Amino acid sequence: MAVINENWVFVETDLQKINPVTYQLLTKMKQISHDPVVAVLIEKSDASLETELAEYGPDKILLIKDDELVDGDDLELTDALNKLIQKQGTPNTFIFPATVVGRSVAPRLQAWLRTGLTADCLDLKFEGDLLIQTKPSYGDNIMCEITIPNNHPQMATARPNVFAAEKQTNSNLKVEEIENLDWEKDSKLVIKSQLLPPKTTDDITQAERIVALGRGDKTDAGITVANNLAKKLHATVGVTRPLTDLDQYTVNEQIGQSGQTVAPDLLVNLGVSGAVQYTAGIANAKVVVSVNTDEHAQIFKYSDYYFVGNALEFSRALEAIL
Ligand SMILES: Cc1cc2nc3c(=O)[nH]c(=O)nc-3n(C[C@H](O)[C@H](O)[C@H](O)COP(=O)(O)OP(=O)(O)OC[C@H]3O[C@@H](n4cnc5c(N)ncnc54)[C@H](O)[C@@H]3O)c2cc1C
């Protein structure tokens, strides 16, 4: 099938709200793409999410208004996207968020289309029409550039918060409504209702301020004082992987390659060494303050301000003056 000079972004919606990661992917694709960036939006017939989407500057929105597909399962979504490509042509690239939905739909579609997919990219750029997809490899110790030179679409997933979203206007935006996709129903699975998961913790991916605890602050006193400091700073507590051994922390609070990618205005690192698997998750933090007893700690290279010394003493002193 002929390749069309378009770069597509899948719009993830959760209970009829656009997931912010979509805006991040659109912004990135607009920054790097010389061809039109196309958002693929599935919504209810009475919705108008395209108005919000337009604020992030796509060149085109492929709009599928379908009351059933909007609640479709992963197989149904995959089939519908496959049919969409059969109808419209094969885009040069097709980018998905590395979310639960994106991680399920993108590889299924990739298999149908017999193309390539790079999961969990940390960066994307073009060389001509070739998408250069950067992701950590070999135990996350090196960054690899992966390309899919002979197949289309070139597919990739990228994690939330790896790219920053920026609003932009595009007076040339076209909205094209797609009708009669004729996607196949999945008779094996019936979704009866959908609910957002109850929030058991502050969502660290959306936090504006984070106090992050590393192994250097992993004592009862260190954790208590860090939590008090976080309260005073109106911050969410995050951790490095060693802290997830403790009952109170899970992958939801873990920052880094196998945890969450964060983008706070302020990040305070307490006793964090700055391993590449951790720093992969903090690239978009705006102001980074780090405390470590080792004056050569890697984390200082990623920090705007640093203090060589004891994290517990630093936290106590800072908490006292706030
Ligand atoms: C495939 C893979 C995926 C991974 N994913 C992640 C991930 O998502 N997130 C993650 O965090 N890790 C991840 N890791 C683990 C990662 O490699 C590091 O082991 C981890 O980040 C180290 O955590 P840390 O900085 O808390 O501990 P350490 O590396 O042990 O560092 C502790 C630091 O505290 C300092 N220190 C000691 N005492 C004090 C004190 N009293 N006051 C101040 N400073 C002190 C030390 O100088 C040291 O720099 C992953 C590893 C692999 C192989």
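Computed from a prediction, not measured in an experiment: that's the story for all the values here.

Procedures and definitions
- Residues numbered from 1 in each chain as written.
- Predicted model: local features only at pLDDT ≥ 70, side-chain atom pairs only at ≥ 80, totals over all residues.
- Heavy atoms only, no water.
- Helix = DSSP H or I, 4+ residues; strand = E, 2+ residues; numbered from the N terminus.
- Buried < 20%, exposed > 50% of the residue type's maximum accessible area, 1.4 Å probe, protein only.
- Contact = heavy atoms within 4.5 Å.
- Near = heavy atom within 4 Å.
- Polar contact = N/O pair within 3.5 Å; in protein donor to acceptor, adjacent residues only side chain to side chain.
- Nonpolar A, V, L, I, M, F, W, Y, C, P; charged D, E, K, R; others polar.
- Core = buried A, V, L, I, M, F, W, Y, C linked by side-chain atoms within 4.5 Å.
- Domains from an automatic or database assignment.
- Buried area = accessible area lost by both parts, 1.4 Å probe.
- Salt bridge = Lys/Arg side-chain N within 4 Å of Asp/Glu carboxyl O.
- Axes fitted to C-alpha atoms, helices over the stretch in contact; angles between N-to-C directions.
- Parallel < 35°, antiparallel > 145°, perpendicular 65-115°, else oblique.
- Left-handed = near helix turned anticlockwise from the far one by under 90°.

*Asks:* So, the side chain of glutamine 254: which residues are in play, and what are the values?
*Replies:* The residue glutamine 254 is located in the loop between β14 (236-239) and β15 (266-270) in this model. You can call glutamine 254 buried: its relative accessible area is 5%. The residues touching glutamine 254, leaving out its near neighbours within four places in the chain, are Val239, Thr240, Arg241, Thr244, Gly259 and Gln260.

*Asks:* So what's going on with the site of the ligand? Residues and values would help.
*Replies:* Surveying the vicinity of the ligand reveals 26 residues, the closest of which are Arg215, Thr240, Gln254, Ser258 and Ser273. One of the backbone N or O atoms of isoleucine 255 is found 2.8 Å from a nitrogen atom in the ligand. Looking at the shell around the ligand, its residues break down into six nonpolar, 16 polar and four charged.

*Asks:* Lay out the nonpolar core with the relevant residues and their values.
*Replies:* Counting 28 residues, the largest nonpolar core has Leu25, Leu26, Met29, Leu41, Leu53, Ile95 and Leu124 as the members making the most contacts within it. The set of elements that each furnish at least two residues to this core consists of α1 (21-32), β4 (37-43), β5 (60-65), β8 (123-127) and β11 (154-158). Counting residues per element, this core draws most heavily on α1, at six residues. If we ignore the near neighbours within four places in the chain, the residues touching leucine 53 are Val11, Ile18, Thr22, Tyr23, Leu26, Ala39, Leu41, Pro58 and Ile61. Of all hydrophobic cores here, the second largest spans 24 residues; its members include Phe10, Ala80, Leu109 and Leu181.

*Asks:* Which residues make up the domain arrangement of the chain, and what values do they have?
*Replies:* Partitioning the chain into domains gives domain 1 (3-177) and domain 2 (204-321). For domain 1 versus domain 2, the distance between C-alpha centres works out to 32 Å. Contact residues are listed per partner, giving eleven residues for domain 1 and 13 residues for domain 2. Carbon and sulfur atoms supply 38% of the area buried between domain 1 and domain 2, which totals about 920 Å² over both sides. Taken together, the connections running from domain 1 to domain 2 amount to zero salt bridges. Viewed at the interface, domain 2 and domain 1 are joined by eight residue pairs in polar contact (both at pLDDT 80 or more). When grouped by side-chain class, the residues that make up the side of domain 1 that touches domain 2 number six nonpolar, three polar and two charged.

*Asks:* Break down the side chain of aspartate 120 for me, citing the residues and quoting the values.
*Replies:* If you trace the backbone, aspartate 120 turns up in strand β7 (residues 117-121). The class for aspartate 120 is buried, based on a relative accessible area of 14%. Within polar-contact distance, the side chain of aspartate 120 engages the side chain of arginine 103 at 2.9 Å. Discounting residues that sit within four places of it in the chain, aspartate 120 has contacts with Ala98, Arg103, Lys135, Pro136, Thr157 and Arg159.

*Asks:* Give a description of the packing of helix α3 (residues 74-88) against helix α4 (residues 100-113) that names residues and reports values.
*Replies:* What describes two packed helices is the angle between their axes and the distance between those same axes. It is the contact of α3 with α4, at a shortest axis distance of 9 Å, that shows an interaxial angle of 45 degrees. As the angle between them shows, α3 and α4 are arranged oblique. Where α3 crosses over α4, the two elements pack in a sense that is right-handed. Only Val101, Ser104, Val105, Arg108, Leu109, Trp112 and Leu113 of α4 make contact with α3, whose side of the interface consists of Asp74, Leu75, Leu77, Thr78, Leu81, Asn82 and Ile85.

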